[in-house]
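Residue-level listing of the chains:
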Amino acid sequence: MNRFTFLLIVSFFMLTSSSLTHAAEVTPTNHEIIRLRILETTDLHASLLNYDYYQTKVDNRIGLVKTATLIRKARKEADNALLFDNGDHLKGNPLGEYLARIRGINRGKTHPVYRAFNYLKYDAIAIGNHEFNYGLKFLNAALKGTKMPVLNANVYSVKKNKPYFTPYVILKRNVVDQNGVQHELKIGVISFMPTQIMKWDKTNLEGKVFAKPIVDSAKEFIPIMKAEGADIIIALAHTGISNEPYNPESEDAVYYLTKISGIDAVLAGHSHSVFPGPVYKHLRNTNMETGTINGKPVVMAGAFGNRLGIIDLKLKKATGKWRVIDGESKTVPIADETGKPLVPIDKGLYHLMKPEHQETVDFIKKLGL
Ligand code: MN
Ligand code: MG
């Protein structure tokens, strides 16, 4: 055997053995699995505290100070977690009214709703239809205080003929797989709201913005997000759930969003309802055990902070790409049916919200209400 043949044989064995070792490393089925938890608040309507301003007393069935405790618990249980608000957060109670109509926010102060979102480190938030109720000027001033992406993809500027807000983001997050190995995941997040805003807030919006049908906007942007490298896509859908025949102007588009390829999870809202839950038991292609519609996990976490929505995704890497192989959803309440509290308040958030809460209470008192 000459030197050349010898080297050839040696390198042949080295190749074979190294590829065998490699194959052995990849074979175990649970090798690269990422568990990703997605948390939702929706339709808070300025319910920051567990307080009823009309009856001037504590109400333990509402309030982000309560949901915040569930958020901390849900984060602690998870390897990786993301937190989103699904819109309708600025208006709906005397605190929201007091801030918008009496005190204003032009004092270099951040609106308490956005201060709460910053404090709880939301990863992104959606604009809901009620965000327009105090006009675009107030909304834009308030949004200056946000420290996270603020999203909507189907409301367009009339002047620019482009999305009025940031339509989507691709969040780069370092996540750990089940062996504790870090990976960078590109999480696409997009948001929608009902086109009915043009009727509901005509005086605030006409001539300034217009709305495109939710499903059309989704079909326009999802391929762009995929082309930009999104490993998964989450829809912050400020819209309800219904399986009436498809209508582009439907207020409740979640069912049809779940049918769009590329969308992996849908955070629903707007109807102040609970999914999974008995209200939706007659919905087609829906599994109430896993909280999936057309095989996609969906969650709707009530309103006023009364529940936290949780979607748990399982991702697996196959041929170099992360793919969702399993997803389920549930909601967790802050109180039982009789109103008995199930969690304490988050004291840090309570102290942060107390000044504006007290101002609102004092203002109501002064009016003699
Ligand atoms: Mn709402
Ligand atoms: Mg709404």
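About the cut-offs
Residues numbered from 1 in each chain as written. Chains lettered and ligands numbered in written order. Predicted model: local features only at pLDDT ≥ 70, side-chain atom pairs only at ≥ 80, totals over all residues. Heavy atoms only, no water. Helix = DSSP H or I, 4+ residues; strand = E, 2+ residues; numbered from the N terminus. Buried < 20%, exposed > 50% of the residue type's maximum accessible area, 1.4 Å probe, protein only. Contact = heavy atoms within 4.5 Å. Areas by Shrake-Rupley, 256 points an atom, 1.4 Å probe, with all protein chains shown as cover. Lys, Arg positive; Asp, Glu negative; His and termini not counted. Charge placed at Lys NZ, Arg CZ, Asp CG, Glu CD. Core = buried A, V, L, I, M, F, W, Y, C linked by side-chain atoms within 4.5 Å. Donors = N, O, S within 2.8 Å, 3.2 Å for Na, K, Ca; no water. pLDDT = per-residue confidence, 0-100. Phe/Tyr/Trp six-rings, centres within 6.5 Å; stacked < 30°, edge-to-face > 60°. Pairing = 2+ DSSP bridges. Axes fitted to C-alpha atoms, helices over the stretch in contact; angles between N-to-C directions. Parallel < 35°, antiparallel > 145°, perpendicular 65-115°, else oblique.

Caption draft 1: Focus on the overall build of the chain. Helix and strand counts for the chain stand at 10 helices and 18 strands. Once the C-alpha set of the chain is aligned to its principal axes, its extents read approximately 105 × 45 × 45 Å. Within the chain, buried positions represent 52% of all 369 residues. Sequence separation of 24 or more characterises 73% of the internal contacts of the chain that already satisfy a separation of 6 or more. Of the roughly 17700 Å² of accessible surface on the chain, a fraction of 54% belongs to carbon and sulfur atoms. Of note, the chain has its 48 positive side-chain charges centred 4 Å away from the centre of its 36 negative side-chain charges.

Caption draft 2: Quick peek at the nonpolar core. Counting 53 residues, the largest nonpolar core has Leu-64, Tyr-114, Phe-117, Tyr-122 and Phe-132 as its most contacted members. When contributions to this core are tallied by element, the ones reaching two or more residues are α2 (64–77), α3 (94–103), α4 (112–119), α5 (136–143), β10 (209–211), β17 (307–318) and α10 (347–367). It is α2 that contributes the most residues to this core, six residues altogether. If we skip the residues at most four places from it in the chain, Tyr-114 touches His-89, Leu-90, Ile-125, Glu-131, Leu-139, Ala-142, Leu-143, Gly-145 and Thr-146.

Caption draft 3: A look at the coordination of the manganese ion (ligand 1). Coordination of the manganese ion (ligand 1) by the protein comes from Asp-43 (OD), His-45 (NE2), Asp-88 (OD) and His-272 (NE2), over a distance range of 2.1 to 2.4 Å. For the manganese ion (ligand 1), the donor residues sit on a single chain with the sequence spacing D-x1-H-x42-D-x183-H. Between the manganese ion (ligand 1) and the magnesium ion (ligand 2), a separation of 3.4 Å is found, and both are coordinated by Asp-88. For His-45, a relative accessible area of 5% gives the class buried.

Caption draft 4: Region of interest: the environment of Leu-136. By the secondary structure assignment, Leu-136 is in helix α5. Here the alpha-carbon distance between Leu-136 and Asp-177, two residues 41 residues apart in the chain, equals 42 Å. Apart from the residues within four sequence positions on either side, Leu-136 is in contact with Tyr-164, Asn-204, Leu-205, Lys-208 and Val-209.

Caption draft 5: Local environment of the coordination of the magnesium ion (ligand 2). For the magnesium ion (ligand 2), the full set of protein donor atoms is Asp-88 (OD), Asn-129 (OD1), His-238 (NE2) and His-270 (ND1), and the range of their distances to it is 2.2 to 2.3 Å. We note that the donor set of the magnesium ion (ligand 2) lies within a single chain, spaced as D-x40-N-x108-H-x31-H.

Caption draft 6: Structural context of the confidence of the model for the chain. Chain-level statistics for the chain give a pLDDT mean of 93 and a share of 91% at 70 or above. In the predicted structure, residues 6–10 sits below a pLDDT of 50 and forms two contacts with residues beyond four places in sequence or in another chain. Every residue in residues 12–28 is under pLDDT 50, and counting partners more than four places away or in other chains gives two contacts.

Caption draft 7: Inspection of the packing of aromatic side chains at higher detail. Throughout the structure, instances matching the rule amount to 12 aromatic pairs. Ring centres of Phe-117 and Tyr-122 lie 4.4 Å apart, and the angle between their planes is 40°; this geometry places the pair in the tilted category. The pair formed by Phe-117 and Tyr-122 is uniform in burial state, with each residue classed as buried. Clustering of aromatic rings is evident, with ring pairs tying together Tyr-114, Phe-117 and Tyr-122.

Caption draft 8: Quick peek at the sheet that holds strand β4 (residues 81–85). Within the open sheet, the six strands sit side by side as β6-β5-β4-β1-β17-β18. Their pairing is mixed. Edge positions in the open sheet fall to β6 (150–151) and β18 (321–333), since each of these has one partner strand only. As paired strands, β4 and strand β5 (residues 124–126) are joined by two bridges and run parallel to one another. Among the inter-strand pairings, Phe-84 is bridged to a residue of β5, identified as Ala-124. Where α2 meets the sheet, it contacts β1 (33–41), β4, β17 and β18, and its direction lies at approximately 180° from that of β1.

Caption draft 9: How the structure looks around the side chain of Asn-80. Checked against the element boundaries, Asn-80 lands in the loop between α2 and β4. Given a relative accessible area of 7%, Asn-80 falls into the buried group. When near neighbours in sequence (up to four residues on either side) are disregarded, Asn-80 contacts Ile-34, Arg-35, Leu-36, Arg-37, Val-175 and Val-176.

Caption draft 10: Summary view of the packing of α3 against α10. Two numbers describe how α3 lies on α10: the axes approach to 9 Å, and their chain directions differ by 85°. Between α3 and α10, the crossing angle belongs to the class labelled roughly perpendicular. Across the interface between the two elements, Pro-94, Leu-95, Tyr-98, Leu-99, Ile-102 and Arg-103 of α3 pack against Glu-356, His-357, Glu-359, Thr-360, Phe-363 and Ile-364 of α10.

Caption draft 11: Highlighting α3. Here α3 lies mainly inside the structure; seven of its 10 residues are buried. Those residues of α3 that sit buried are Pro-94, Leu-95, Gly-96, Tyr-98, Leu-99, Ala-100 and Arg-103. The inward-facing, buried residues of α3 abut α4, α5 and α10. Looking one or two residues beyond α3, the residue adopting positive phi is Gly-104, at roughly 70°.

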